[in-house]
Structures are given as structure tokens and as C-alpha cells.
Amino acid sequence: MNQIQSAALMLAGITLAFVGLIFAIWWLRRPRTAPAPPRAPRAPGESRMPKLSRKAKPEAEVVEISASRLARVSGKAPLQPQAETDYDYRQVPAPDGEAAAVDATLEALASEVEDEAHRIASAEIETEAVTLRLVPQIPLRDAISTNSWLGGCPRLPVGTEWPQIDGEPADFLAQIDCASLPPALWNGLGPRDGALAFFIHRRGYHMQVLHLRDTDVAVSPPLALDDQGGWFGPHGGLRFGDLEPFAVRAFPEWPVDLVAVGPGDADPRVEGDPNDIGAMLYSRSYDIADPALHPFDWGSMTAMIAILEMRLDRLTTDATPAPGASAEDIVALEQCAAINREARIRADEIVAIVHESPAKEAFSASDATAVMSALHAIHWAKAVHRIDPETGAEVRDTLTLPLTTHRADANLWVHDYQTILFDRAKHAWCADPDSLSVPMRAFYEPYWRDLAACEMAAIGHEPFRHVHDYDEDRDAVLLELPTSGLMSRMFGDCDNLVVTIDKADLAIGDFSRLRVQVSN
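Numbering of residues starts from 1 in each chain and follows the order in which that chain's sequence is written. This being a predicted model, a pLDDT of at least 70 is required before a residue's local features are given, and a value of 80 or more before pairs of side-chain atoms are given or counted; all residues contribute to the totals for chains, interfaces and linings. Side-chain calculation: all heavy atoms of the structure are included, whereas hydrogens and water are not.

What follows concerns the overall build of the protein chain. Under the DSSP-based scheme used, a helix requires at least four consecutive residues in state H or I and a strand at least two consecutive residues in state E, with every element numbered from the N terminus. Looking only at helices and strands, one finds ten helices and 18 strands in the protein chain. The proportion of buried residues among the 520 residues of the protein chain is 39%. For this analysis, residues touch if any pair of their heavy atoms sits within 4.5 Å. Expressed as a percentage of contacts within the protein chain between residues at least 6 apart in sequence, the contacts between residues at least 24 apart total 68%. Shrake-Rupley sampling with a 1.4 Å probe provides the accessible areas, and residues are treated as covered by the protein chains on show and by no other component. Summed over all atoms, the accessible surface of the protein chain reaches about 30,000 Å², with 55% contributed by carbon and sulfur. Here's how the labels work: a residue is buried when its accessible area is under 20% of the maximum for its type, exposed when over 50%, partly exposed in between, all with a 1.4 Å probe on protein chains only.

Before going further, it helps to examine the environment of I378. Examined against the element boundaries, I378 turns out to sit in the loop between α7 (365-376) and β12 (379-387). Residue class for I378 comes out buried when judged on its relative accessible area of 1%. Remark: the alpha-carbon pair of I378 and T404, spanning 26 residues in sequence, is separated by 8.3 Å. Ignoring anything within four residues of it in the chain, the contact list for I378 reads A343, R346, A347, I350, L401, P402 and L403.

Now for the packing of aromatic side chains. The relation between two aromatic rings is expressed through the spacing of the ring centres and the mutual angle of the planes. Centres within 6.5 Å make a pair out of two Phe, Tyr or Trp rings, where for Trp the six-membered ring is used; the pair is then stacked when the planes are under 30 degrees apart, edge-to-face when over 60, and tilted otherwise. If you walk through the whole model with that rule in mind, you get 17 aromatic pairs. Arranged with centres 6.2 Å apart and planes meeting at 55°, the rings of F232 and F251 form a pair that is tilted. Here F232 is found in the loop between β9 (217-218) and β10 (254-261), whereas its partner F251 is found in the loop between β9 and β10, with 19 residues between them in sequence. Each member of the pair, F232 together with F251, is buried. Their ring planes at 85° and their centres at 4.9 Å tell us that F443 and Y444 sit as a pair that is edge-to-face. Judged by relative accessible area, F443 falls into the partly exposed class, the value being 22%. Definition used: whenever NZ (Lys) or CZ (Arg) falls within 6 Å of the ring centre and also within 35 degrees of the ring normal, the charge is taken to sit over that ring. Lying over the aromatic face of F464, R269 brings its terminal NZ or CZ to 3.5 Å of the ring centre. Of note, R489 hangs over the ring of F251, and the distance from its end group to the ring centre comes to 3.1 Å.

What follows is about the pattern of salt bridges. Salt bridges, as used here, are contacts in which a Lys or Arg side-chain nitrogen is within 4 Å of a carboxyl oxygen on Asp or Glu. Taken as a whole and assessed by the stated rule, the structure comprises 22 salt bridges. Here R344 and D313 are joined by a salt bridge, their closest N and O atoms 3.2 Å apart. Of the two residues, R344 sits in helix α6 (residues 327-356) while D313 sits in the loop between α5 (298-312) and α6, which places them 31 residues apart along the sequence. What makes R344 partly exposed here is its relative accessible area of 26%. For R344, the salt bridge identified is with D348, shortest N-O distance 3.3 Å. Pair noted here: R344 and D348 are both in helix α6, with a separation of four residues, about one helical turn. When its relative accessible area of 34% is taken as the criterion, D348 is described as partly exposed. Salt bridges here are not isolated pairs; linked through shared partners, they connect D469, R474, D475, D502 and R515.

This part is about α6. The span one expects for a helix is its residue count, reduced by one, times 1.5 Å. Under the 1.5 Å per step criterion, the end-to-end length of α6 is 45 Å for 30 residues, consistent within 8% with the ideal 44 Å. Looking at the buried side of α6, the elements it contacts are α5, α7, β12 and β13 (394-402).

What follows concerns the packing of α5 against α6. The geometry of α5 relative to α6 is characterised by a closest axis approach of 10 Å and an angle of 150° between their N-to-C directions. The angle between α5 and α6 places the two elements in the roughly antiparallel class. As for how α5 packs across α6, the hand of that crossing is left-handed. Where α5 approaches α6, its residues W298, M301, I305, L308, E309 and L312 are matched on the opposing element by R344, A347, D348, V351, V354 and H355. Residues are grouped as follows: nonpolar covers Ala, Val, Leu, Ile, Met, Phe, Trp, Tyr, Cys and Pro; charged covers Asp, Glu, Lys and Arg; every other residue, Gly included, is treated as polar. Of the residues assigned to the contact of α5 with α6, the class counts are eight nonpolar, one polar and three charged. A fitted line through C-alpha atoms serves as each axis, taken over the contacting stretch for helices, and the angle formed by two N-to-C directions is quoted from 0 to 180°. Roughly parallel here means an angle under 35 degrees, roughly antiparallel means over 145, roughly perpendicular means 65 to 115, and every remaining angle is called oblique. Handedness of a crossing follows from how the near helix is turned relative to the far one, being left-handed for an anticlockwise turn of less than a right angle and right-handed for a clockwise one.

Our focus in this paragraph is the packing of α5 against α7. At a closest axis distance of 11 Å, the pairing of α5 and α7 adopts a crossing angle of 15°. Put simply, α5 runs roughly parallel to α7. Regarding α5 and α7, the two cross each other, and that crossing is left-handed. Mapping the contact onto sequence places W298, M301, M304 and L308 in α5 and D367, A368, V371, M372 and L375 in α7. Per-class residue counts for the contact of α5 with α7 are eight nonpolar, no polar and one charged.

A few words now on the pairing of β12. Two strands are said to pair when DSSP picks up at least two bridges between them. Of the pairings in the sheet, the one linking β12 to β13 comprises nine bridges and is antiparallel in character. Bridge pairing links R386 to V395 in β13. Here β12 folds back onto β13, and the loop between the two strands holds six residues, one of which, G392, carries a positive phi near 80°.

Only residues whose relative accessible area exceeds 30% and that form no salt bridge are eligible for patches; like-charged ones are grouped when within 9 Å, while nonpolar side chains (Val, Leu, Ile, Met, Phe, Trp, Tyr) are grouped when within 5 Å. For the purpose of counting charges, residues Lys and Arg are taken to be positive, whereas Asp and Glu are taken to be negative. His and the chain ends are not included. To locate a charge, take atom NZ for lysine, CZ for arginine, CG for aspartate or CD for glutamate. Together, E462, D471, E472 and D473 give the surface a local cluster of negative charge. Residue placement: E462 occurs in the loop between β15 (457-459) and β16 (475-482).

As a further point, take the pairing of β10. Consecutive side chains along a regular strand alternate between the two faces of the sheet. Here strand β1 (residues 131-136) pairs with β10 via six bridges, running antiparallel. When the sheet's bridge partners are listed, V135 is paired in β10 with D257.

Another point: α7. Taking 1.5 Å per residue as the helical rise, α7 with its twelve residues ought to reach 16 Å, and the 16 Å between its terminal C-alpha atoms agrees with that figure. Against α5 and α6 lie the buried residues of α7.

Let's shift gears to the confidence of the model for the protein chain. The quantity called pLDDT is the predictor's confidence in a given residue, expressed from 0 to 100. Per-residue pLDDT for the protein chain averages 83, and the proportion of residues at 70 or more is 78%. Of all the helices and strands in the protein chain, helix α2 (residues 67-74) carries the lowest mean pLDDT, 46, while β15 carries the highest, 98. Across residues 123-127 the pLDDT falls below 50, and counting only partners more than four positions away or on other chains, this stretch makes six contacts in the model.

Right, dumping it as C-alpha cells:
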């Protein structure tokens, strides 16, 4: 029962109580006829007929007594005639105390009815305005309080088969706890018990939404995410190119808080381009010798070594000058080549040691520290060109940097490693936040929080972007999922997936006729 129905029942009860009070007042004030005294028992043979006198009684003489004479007899002043006043027969005077009590009762009832009407009006305003944001939990809370999430595994009733669409196992998108939905969401329509589980075709815009009464068992997807035409889209450059094999091909299970947003409320969603956040990191200088960016397990360590091996081939180790090079350029080139040849030899030694280690011993943070310190001690060189701000002439500089340092104008391998680490760290963190070190969490959690604000899912709102088939009066937004590197999802050309339903179908819980579109 929603708020409006409850308010209607309360108003009906107040009305009945008011009618009862009026009836009780009338009953107490109704005119009463004094009951006749009981008759004496009739003696045997006694007749009840009245006895009439045989003689006529003399008529009494009418005597008029003046007011002044009556005053002399009684010893009181004569009564003055009362002035005529209007009298309303419809008003029955009541004792002062009783009238005050009735007035107080009526005023209290009127005030209660007025307050209830105001509450109903406020509820109607709230019903029209409340929408929902799915705010990723950063940091995570305990699993007991986690009832809604994006990605990962659905919780299905025991014995439920994995949903299929067009004969293929579907991809799981999200599961939303209906009991946590605000009463005013969707104008009070839709379920408020159980959970809604969202599944999508692996390559097409077809969906199934299951209203689950029981959420007993976490069920893993039956297939790996190996479909090139699917919705998998990790953050950064891991979707394409030679970084693609490093991506964790899974959708991280990310718990979300359902945050209601009404008129005047602060909106946790931020309008912005998520790519700008990664671009800010790329444009600034940083060093992965910082403990916040160390590998945290053998998987991340071996991935780091693999990308280092691939990028060492980009080191300039050949001192052959370009035709027409100046003597100064030739000298600078020979210096860079000499530094880089030495860097290559030392880096290959560390790579060989790491390749042998995973099979021999368990991973430890001290292993990561030792490797990163050794890499930081290696320097490499790069010739860069810049424009002198004073003369406007082109100047050639030689940069010499630790192998662990990234600069936007000297990007060898460090930023690619950080992109891989970002992906692996978020999956490990979602499974167990304690798997990451305190410095790493201090670095990545704010980063993820900023991304989440720009990639936030929503329910019950007007679509954030234009969709072709949407009618505000007819449709309700069941779910809008933006493309999200944090959630490893990509829809269209970095667009939003918008799932709408007829309000009439939502009212009866029929999720068989959904409209699934991509905004543009």
C-alpha cells in the first residue's frame, strides 16, 4: 500500500469519527418525554370510565391584575417588557463548557484533516520528483549490507537456470534490491519486494528483467567474455591493441548505494568526460617506484614485466644519425644510445629474475619493493625537441630518467603498466579490499570515486541524453547504464544504455515488453 492509499484510508476514518461525534451530541440533546407513572391496579368490577358530574360547573370569572397591583402584593418592582429579538430555531443553545469542548474537538479534527491533506500534497510532489542514483561504494562496506550491485554474479533462487536470450546465455548487468527503492520512485509504481535482475543479449539490444522473490545463491556466468562484439570495455587502452591481452575479461562486482535525489538535493552524479581524469594522470609526471603503484600479487608483477619487455624494444640503442644531422645532434644521439644499451642489459637481468620467481616462492610486498628499487636505479635517455620561449628557436634536449618515471613527453612503458595495474587492482579490490596495500588504496580509491561520479547509473529519471523512443507520460526509466571503464562496460560509441518500460506494465509488474536503446 502506497502513501496515497494510506492517507485516503486515514481521511475516511477521520470523517467517520466526526460523523459519530455529531450523532452523539444530537442523541444527548434530543427532547425527551417524561414517562407516565404506573397506574394503580384496578379493583374487581371497577370501571375506568371517567365520572361526570350531573351538574354543570359555573364558569370561573376572569380577573385581571395589573402589574402595579401585583407589585404591591408581592413587594417587588413590576417586570419590564423584554425587547423583541431575532431567534433562530435552528440553533440549540448549549452550556458554555459543552460548547467549548465541541469547538475544541472540531478544531482538532479540522487541523488533523488539514495536516493530512498537506502531507498528501507533499507526497504527490515528492512522487513526481524523486529519482535514484546508483552510487558505487568506495570504500566498500560489509557484504551483509550489500543488497544492490553492478556486474559480477546474480543471486538467483535455488534451481534457477541462467537466463538465455535468442538461445544464448545472456550477460548479467545489475541486481537491484526492490525493498530499498524509495516509495516515491516511479510515482509509487513497481515492486517493493524481492530484487530485479537485469540481463542483456551478448551482442544485441534485447533484455530480460527477472523479479526475484528469493536471492539465495550467487551464480557465475556460464561463458567467458570472449565475444569481440560484446559489451566488454575496460578502462584506458585495454580494449584494443597490444594491451588487450592484459585485460581481466570480467565485469567486476561493484556494490552500489541507492541514493534518492529530489528537488534541491545534492546530486552525486557529475557531468563530465571520464577520459579527462585519465588524461590528467597521463599529463603529469609520476613514478611507479612509489609504493602506491607497486605490483600487489604475482599476476600484476608478471604483467608489469611483460609490458616492460615489450616496450624495451622502443629504446633508442642505435647511434646511426639521420642524413644531414649536425655534429651536436650526432653527439647527443651517441650519448642516448650508450645510456639505453646499458639500461637494456640491466633491465633484461631483472626480467629474467622475475620470470623465475613465481614458481619458487609466494609473493610478498618486499619482493615488489626490491624489484621496483632495482628498476628505479636504471636510467634511460630520450632526445626531445622543444621551442625556446624567449627566442622561438627549436632546441634539442636530452632527458635522462629513471626507468620507473613517466613523463608525457617521455612515455616509454610506465603509463601502460599503470593502465594494466588499474584494471587488475579494481578487480582484486572488489573481491577483497585488503588485497591492496594502504598506499595503493589511498591512490586508487579517490581515482575510482571521481570516475564513478562521471559514469553513474540511474533509475526513474529522464534520460541523461536523447533517446529516440521515449515518452515522459508513457514511459518510466527502469535503468540507465553509462559506458564505464570502472565497470568494464561499453555501449555503442561510449554511449548510455537506456532501458524503459510502459508505466502501465510497471504497475502490474510485467517486464516482458521493455524498450532497450542507446542514447546519442
